[in-house]
Amino acid sequence: MPEGIVYVDGAYFPPAEAKISVFDHGLLYGDGVFEGIRFYNSRIFKLDEHMARMAHSAELIGLPLPMPIEKIKAAIVETASRSKLTDGYIRPLITRGPGDLGLDPRKSKASSLVVICSTISLYGSKHMTGLSAIIAKVRRVPPSALNPNVKSLNYLNNILAKSEANAKGADEAILLDIDAYVAEASADNIFVVKGGTIYSPPTSTNLVGITRQTILDLAKDHYPTKVERFKTDFLLTADEIFITGTGGEVAPIVDIDGQKIADGKPGPVTQDLQKRYFELVRSTGTSIHPNNGHGSH
Ligand code: PXG
C-alpha cells in the first residue's frame, strides 16, 4: 500500500482504509474526472490551474462539483498538509457517486470528492539518460468522440497504448491522432527540437497540459517555439524529443521504435528546459502550511 493519506467526502483515512461504494459510477463506468498535481518543498505547483482544469473537465461531462472549487482547493491543501510529506503527488477525483446498475447519471444523487496524497516516481533515473518509446497502433480517441479536455476516470485508450509499449519493452507510447498527426504520449504532452526551434502539437486533439504550458512559457524568451502539427517522419528526424507531464515532469525520449533519435542521448535544449523547470517548481506554488507565515506564492 502506498504511503500518504486519503480524503473521502470530508474525512481522512490511511491509504488502506479509504473506500468508495462499488455502485459509484466512477467505478462502474469511469464516470468522473481527475487531476494529477505535484508539490515540491511544501508548495503545490500550479494549484489554481489544476483546479480550473478540473472544474472545466467536470462541466464538460455535466458532473456537478460536490462543493465549490475553493472548498475543493482547501481540502487538497489540508490533505497535503496532513500527509507530512514535503514532496509528493496529489490525485483529486470527482466521481459521479453511487447510482444504480444503469448508466443514467441522473440516478447518482451526489458526486464524491476523493483526494489521494502520496508519492509518485514514473521514470526514475531515465529522466537523465532518456526514455525509449514506441508509436502506438491504437489511435488517440478523436475530439469528435470525446473532448480531450475531459480528464476522465476512463483512461483505457491511454492504457492500451502503454500496454503496447510494455509488450515491446519500451518506456512510453506515443499516440497519433485519427489523421496520423503526432498527438501526445500516454500521460504526457510531446515536444520536438529541430534546427534550434521547439515544436509542440496544438492541443485540439490533446489534453491542454499544465506542464506543456509551463515549458512553452519558460522556453519563449530563449528559443523560437512553434505550435504546429507534425507526423511521424518529423519525430524520427528530430534533434531532440521530450515529453512533459506533472508525473513525468520533463523527460527526454532518445529512441523510437528501436531507432535512435540523433545520437541517442538527451539533448542540450531538453536539459536546459529540465533545469529551468526544476528551478521553477522548487521555488513557486501554494504553501501546504498556509498558517505558518509563508505566503501563497
Ligand atoms: N496528456 C494526457 C493524456 C495526460 O493524462 C498530460 C498530457 C500532461 O498534463 P499535465 O497537466 O500533467 O502537464 C496528462 C497528465 C501522472 C498522470 O501520473 C498524469 C496524467 C494522467 C495519468 C497519470 O502523471 N495526466
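Values in this document were obtained by computation on a predicted structure and should not be read as measured data.

Chemist: Looking at this model, I keep getting lost on the environment of asparagine 206. Mind explaining?
Modeler: Residue position: asparagine 206 is located in the loop between β12 (197–200) and α6 (210–219). On the accessibility criterion, asparagine 206 (1% relative accessible area) is buried. As for asparagine 206 and proline 142, which are separated by 64 residues in sequence, their C-alpha atoms are 8.9 Å apart. Excluding its chain neighbours within four sequence positions, the residues that come into contact with asparagine 206 are Arg140, Pro148, Asn149, Ala183, Glu184, Asn189 and Pro201. A distance of 2.9 Å separates a polar atom in the side chain of asparagine 206 from a polar atom in the side chain of threonine 205.

Chemist: Can you help me understand helix α8 (residues 268–281) in this one?
Modeler: Residues three or four positions apart in an α-helix share a direction because the helix packs 3.6 residues into each turn. Compared with the 20 Å implied by 1.5 Å per residue over 14 residues, the 20 Å span of α8 between its first and last C-alpha is a close match. Along α8, the residues that are buried comprise Val269, Thr270, Asp272, Leu273, Gln274, Tyr277 and Val281.

Chemist: Whenever I open this one, the packing of helix α2 (residues 47–60) against helix α3 (residues 69–82) confuses me. Can you help?
Modeler: The relative placement of two packed helices is expressed as an angle between their axes plus a distance between the axes. Where α2 contacts α3, the axes come no closer than 11 Å and their chain directions differ by 130 degrees. The orientation of α2 with respect to α3, classified from their angle, is oblique. Between α2 and α3 the crossing geometry is right-handed. On the side of α2, the interface is formed by Leu47, Asp48, Met51 and Ala55, while α3 contributes Ile69, Ile72, Lys73, Ile76 and Val77. The class makeup of the residues in the contact of α2 with α3 is seven nonpolar, no polar and two charged.

Chemist: Even after reading the chapter, I still don't get the site of the ligand, so can you show me in this structure?
Modeler: Not every one of the 22 residues close to the ligand is listed here, only the nearest: Lys151, Tyr155, Glu184, Thr211 and Thr246. In this structure, an oxygen atom belonging to the ligand sits 2.8 Å away from a side-chain N or O atom of arginine 53. At a separation of 2.7 Å, an oxygen atom of the ligand approaches a polar backbone atom of isoleucine 210. In isolation the ligand offers 530 Å² of accessible surface; the protein chains occlude 94% of this area. Of all elements in the fold, only β6 (88–95), α6 and β14 (240–245) reach the threshold of two or more residues within the shell around the ligand. When we break the shell around the ligand down by domain, the ones giving at least three residues each are domain 1 (5–118) and domain 2 (126–281).

Chemist: I keep staring at empty space enclosed by the protein and nothing clicks. Help me out?
Modeler: A water-sized probe rolled over the atoms picks out the places where empty space is left. Tallied over the entire structure, the rule returns two cavities of 30 Å³ or more. By volume, the largest cavity amounts to about 50 Å³. Lining the largest cavity are Arg38, Phe45, His50, Ile210, Thr211, Thr246 and Tyr277. Looking at the lining of the largest cavity residue by residue, the classes come out as three nonpolar, three polar and one charged. Considering only enclosed or pocket space, the second largest cavity measures out at about 40 Å³ in volume. What lines the second largest cavity is Asp239, Glu240, Ile241, Pro252, Ile253, Val254, Ile261, Lys265, Pro266, Gly267 and Thr270. For the lining of the second largest cavity, the elements supplying multiple residues, two or more each, are β14 and β15 (249–256). Top contributing element to the lining of the second largest cavity by residue count: β15, with three residues. Looking at the lining of the second largest cavity residue by residue, the class counts come to six nonpolar, two polar and three charged.

Chemist: In this structure, what is going on with the domain arrangement of the protein chain? I would like to understand it.
Modeler: How big an interface is tends to be stated in terms of accessible area lost as the parts join. For the protein chain, the domain assignment lists domain 1 (5–118) and domain 2 (126–281). Opposite the 25 residues of domain 1 that make contact, domain 2 presents 19 residues. Summing both partners gives a buried area of about 1800 Å² for domain 1 against domain 2, and 64% of it is carried by carbon and sulfur. Among the residues domain 1 hides against domain 2, the three largest losses belong to Phe34, Phe45 and Arg53. Together they make up 34% of the total.

Chemist: So what exactly am I meant to see when it comes to the nonpolar core here?
Modeler: Looking at soluble globular proteins, one finds that nonpolar side chains tend to be buried together. Counting residues in each nonpolar core, the largest one holds 25 residues, and the members touching the most others are Phe39, Ile44, Ile76, Ile90 and Leu113. Those elements that place two or more of their residues in this core are β1 (5–8), β4 (37–40), α2, α3, β6 and β7 (112–118). Counting residues per element, this core draws most heavily on α3, which supplies five residues. Contact partners of isoleucine 90, with chain neighbours within four places excluded, come to Glu35, Gly36, Ile37, Phe39, Ile44, Ile76, Ala80, Val115, Ile116 and Cys117.

Chemist: Could you clarify how one ought to interpret the packing of aromatic side chains in this entry?
Modeler: For the coordinates displayed, the defined rule picks out seven aromatic pairs. Summarising the aromatic geometry, the rings of phenylalanine 230 and phenylalanine 234 are spaced 5.1 Å apart at their centres and angled 40 degrees between planes, so their arrangement reads as tilted. Of the two residues examined, phenylalanine 230 and phenylalanine 234, each falls in the buried class. Taken together, the aromatic side chains of Phe45, Tyr277 and Phe278 make up a single cluster linked through ring pairs. Above the plane of the ring of tyrosine 12 lies arginine 82, whose end atom (NZ or CZ) is 3.9 Å from the centre.

The rules behind each value
- Residues numbered from 1 in each chain as written.
- Predicted model: local features only at pLDDT ≥ 70, side-chain atom pairs only at ≥ 80, totals over all residues.
- Heavy atoms only, no water.
- Helix = DSSP H or I, 4+ residues; strand = E, 2+ residues; numbered from the N terminus.
- Buried < 20%, exposed > 50% of the residue type's maximum accessible area, 1.4 Å probe, protein only.
- Contact = heavy atoms within 4.5 Å.
- Polar contact = N/O pair within 3.5 Å; in protein donor to acceptor, adjacent residues only side chain to side chain.
- Expected span 1.5 Å × (residues − 1).
- Axes fitted to C-alpha atoms, helices over the stretch in contact; angles between N-to-C directions.
- Parallel < 35°, antiparallel > 145°, perpendicular 65-115°, else oblique.
- Left-handed = near helix turned anticlockwise from the far one by under 90°.
- Nonpolar A, V, L, I, M, F, W, Y, C, P; charged D, E, K, R; others polar.
- Near = heavy atom within 4 Å.
- Areas by Shrake-Rupley, 256 points an atom, 1.4 Å probe, with all protein chains shown as cover.
- Domains from an automatic or database assignment.
- 1 Å grid on protein atoms, 1.4 Å probe; cavity = no way out; pocket = protein on both sides within 12 Å on 5 of 7 lines; lining within 4 Å.
- Points joined across faces, edges and corners; volume = space filled by probe spheres on them.
- Buried area = accessible area lost by both parts, 1.4 Å probe.
- Core = buried A, V, L, I, M, F, W, Y, C linked by side-chain atoms within 4.5 Å.
- Phe/Tyr/Trp six-rings, centres within 6.5 Å; stacked < 30°, edge-to-face > 60°.
- Lys NZ or Arg CZ within 6 Å of the ring centre and 35° of its normal.

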